[in-house]
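# Reading the structure
One letter stands for each residue in the lines below.
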Amino acid sequence: MMARVADHGDVALLGNHDDFWVQTAAGDDLSYQTWRLNGGAKTWRQLGIHSSNLAAVKAALTHDPLRRYTAFLQQLPLFWATPELLAIHAGLDWDRPLSTQARDDFLWIRDDYYFDRPGHWHRNLTNQVIVTGHTPVQTLRDDGYGMITMQAAAHDTPRYLIDAGSRSGAANGGIFALTLAADGTVLAKTWAINGRVVDGNLPHFK
């Protein structure tokens, strides 16, 4: 991914778990504790960090060989936008313009972005097609599909949720790729489940 960003002009966005890494590397105890309780200890072991002490984890993340990954995560943007498209990890606060959004909403918001009342999608108040992740689709609608199209009405500019639950524990959890044209038209949907690439237009159950 770092090579794609550096050499091919791809854009990677910061997510909440990436931010755990960044904030822990800065010595933030709350981020460290939250990360530890949400898969951090397993991640640290995979990175060769054999301690659950904040000082030790911070030191490992800010020195070789992990320092370059920390530097990469530190410079990731919170969103990517064109006049027609907007990509964000979690979503946005409809009461604020993009320029004054709270950082935590970009990384953490859920229901206030999805709904205006229980069971009813919030109207898209931008003129952009919006793509987000963060919340596994299986927790909102377990119908076998790897993405959800959110529209308050037929004429509403669509929003897409493409977190296909790769770490949700769902039997059909995977990674979803949505390909859009510059104007937001859907070109392709691809889903990888347990290392097998499947048609993202179809439901898949295990």
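Everything quoted here is computed from the prediction, not taken from an experiment. (Residues numbered from 1 in each chain as written. Predicted model: local features only at pLDDT ≥ 70, side-chain atom pairs only at ≥ 80, totals over all residues. Heavy atoms only, no water.)

## Quick look at the pairing of strand 8 (residues 174-180)
Put simply, the rule reads: For two strands to count as paired, DSSP must find a minimum of two bridges between them. Numbering goes from the N terminus for both helices and strands, where a helix is a DSSP run of H or I of at least four residues and a strand is a run of E of at least two.
One ladder, built from seven bridges, connects strand 8 with strand 9 (residues 186-193); its direction is antiparallel. Bridge pairing links Thr-179 to Ala-188 in strand 9. As consecutive antiparallel partners, strand 8 and strand 9 are separated by five residues, and within that stretch Gly-184 has a phi angle of approximately 95 degrees, a positive value.

## Digging into the sheet that holds strand 1 (residues 79-81)
Selection criterion: Fitting a line to C-alpha atoms yields each axis, with helices limited to the stretch in contact; the angle taken between N-to-C directions then spans 0 to 180 degrees.
Sheet architecture is open: five strands sit in the order 1-2-5-7-6, paired in mixed fashion. Across the chains shown, the open sheet's two edge strands, defined by having one partner strand only, are strand 1 and strand 6 (148-150). Taking each pair of neighbouring strands and ignoring which way they run, the sheet shows an average axis angle of 15 degrees.

## Things to note about the packing of helix 2 (residues 16-25) against helix 3 (residues 29-46)
We count it as follows: Convention used here: angles under 35 degrees read as roughly parallel, angles over 145 as roughly antiparallel, angles from 65 to 115 as roughly perpendicular, and any remaining angle as oblique. Each crossing gets its handedness from the near helix: less than a right angle anticlockwise from the far helix is left-handed, clockwise is right-handed. Any pair of residues with heavy atoms lying within 4.5 Å of one another is described as a contacting pair.
Look at helix 2 against helix 3: their axes get within 8 Å of each other, and the N-to-C directions meet at 135 degrees. In terms of orientation, helix 2 lies oblique with respect to helix 3. Every pair of crossing elements has a handedness; the one defined by helix 2 and helix 3 is left-handed. Along its contact with helix 2, which presents His-17, Phe-20, Trp-21, Gln-23 and Thr-24, the element helix 3 presents Ser-31, Tyr-32, Thr-34, Trp-35 and Asn-38.

## What to know about the pattern of salt bridges
Our working definition: One side-chain nitrogen of Lys or Arg within 4 Å of one carboxyl oxygen of Asp or Glu is enough to make a salt bridge. Throughout this description, buried means an accessible area under 20% of the type-specific maximum (1.4 Å probe, protein chains only), exposed means over 50%, and partly exposed covers the range between.
Counting across every chain of the model gives five salt bridges. A salt bridge links Asp-116 to Arg-117; the shortest N-O distance between them is 3.7 Å. By relative accessible area, Asp-116 is classed as partly exposed at 42%. On the accessibility criterion, Arg-117 (48% relative accessible area) is partly exposed.

## Brief notes about the sheet that holds strand 9
Here we have three strands laid out as an open sheet, ordered 8-9-10, and antiparallel in their pairing. Only two strands of the sheet have a single partner each, and these edge strands are strand 8 and strand 10 (196-199). Sheet twist, expressed as the mean angle between neighbouring strand axes with direction ignored, is 25 degrees.

## Observations concerning helix 4 (residues 54-61)
Residue pairs spaced three or four apart in an α-helix point in one direction, given the helix's 3.6 residues per turn. What counts, and what does not: What the arc describes is the spread of directions from the helix axis to the C-beta atoms.
For helix 4, the complete set of buried residues consists of Leu-54, Val-57 and Leu-61. In an axial view of helix 4, the angular spread of the buried residues amounts to 70 degrees, which keeps them on one side of the axis.

## Some thoughts on the packing of aromatic side chains
To keep it simple, the criterion reads: Only rings of Phe, Tyr and Trp enter the pairing, Trp through its six-membered ring, and a pair is recorded when the two centres are within 6.5 Å. The plane angle decides the type: under 30 degrees is stacked, over 60 is edge-to-face, the rest tilted. When the NZ atom of lysine or the CZ atom of arginine is within 6 Å of a ring's centre and also within 35 degrees of its normal, the charge is said to sit over that ring.
The final tally for this structure, using the stated rule, is ten aromatic pairs. One aromatic cluster is present, formed by Trp-94, Tyr-113, Tyr-114, Phe-115 and Trp-121 through successive ring pairs. For Arg-159, the ring lying beneath its charged end belongs to Tyr-113, and the centroid distance is 4.6 Å.

## Examining the packing of helix 2 against helix 5 (residues 67-74)
Put simply, the test is: Under the scheme applied, nonpolar residues are Ala, Val, Leu, Ile, Met, Phe, Trp, Tyr, Cys and Pro; charged residues are Asp, Glu, Lys and Arg; polar residues are all the others, including Gly.
Two elements in contact, helix 2 and helix 5, have axes whose closest approach is 9 Å; the angle formed by their N-to-C orientations is 115 degrees. As judged from the angle between their axes, helix 2 and helix 5 are roughly perpendicular. Helix 2 and helix 5 meet at a crossing whose hand is left-handed. Where helix 2 abuts helix 5, its residues Asp-18, Trp-21, Val-22 and Ala-25 lie against Tyr-69, Thr-70, Leu-73 and Gln-74. The residue makeup of the contact of helix 2 with helix 5, split by class, is five nonpolar, two polar and one charged.

## Focus: the side chain of Arg-159
Test applied: Positive residues here are Lys and Arg, negative ones are Asp and Glu, while His and the chain termini are left out of the count. Any N or O atom pair separated by 3.5 Å or less is treated as a polar contact, with the protein-specific requirement of one donor-capable and one acceptor-capable atom, and with residues adjacent in sequence counted only for side-chain atom pairs.
Mapped onto the elements, Arg-159 comes out in strand 7 (residues 159-161). Buried and unpaired, Arg-159 has no salt bridge, with Asp-156 as the nearest side chain of opposite charge at 5.3 Å. There is a polar contact of 2.8 Å between the side chain of Arg-159 and the backbone oxygen of His-122. Once residues lying within four places of it in the same chain are set aside, the contact partners of Arg-159 are Trp-94, Tyr-113, Tyr-114, Trp-121, His-122, Asn-124, Ile-130, Ile-148, Thr-149 and Met-150.

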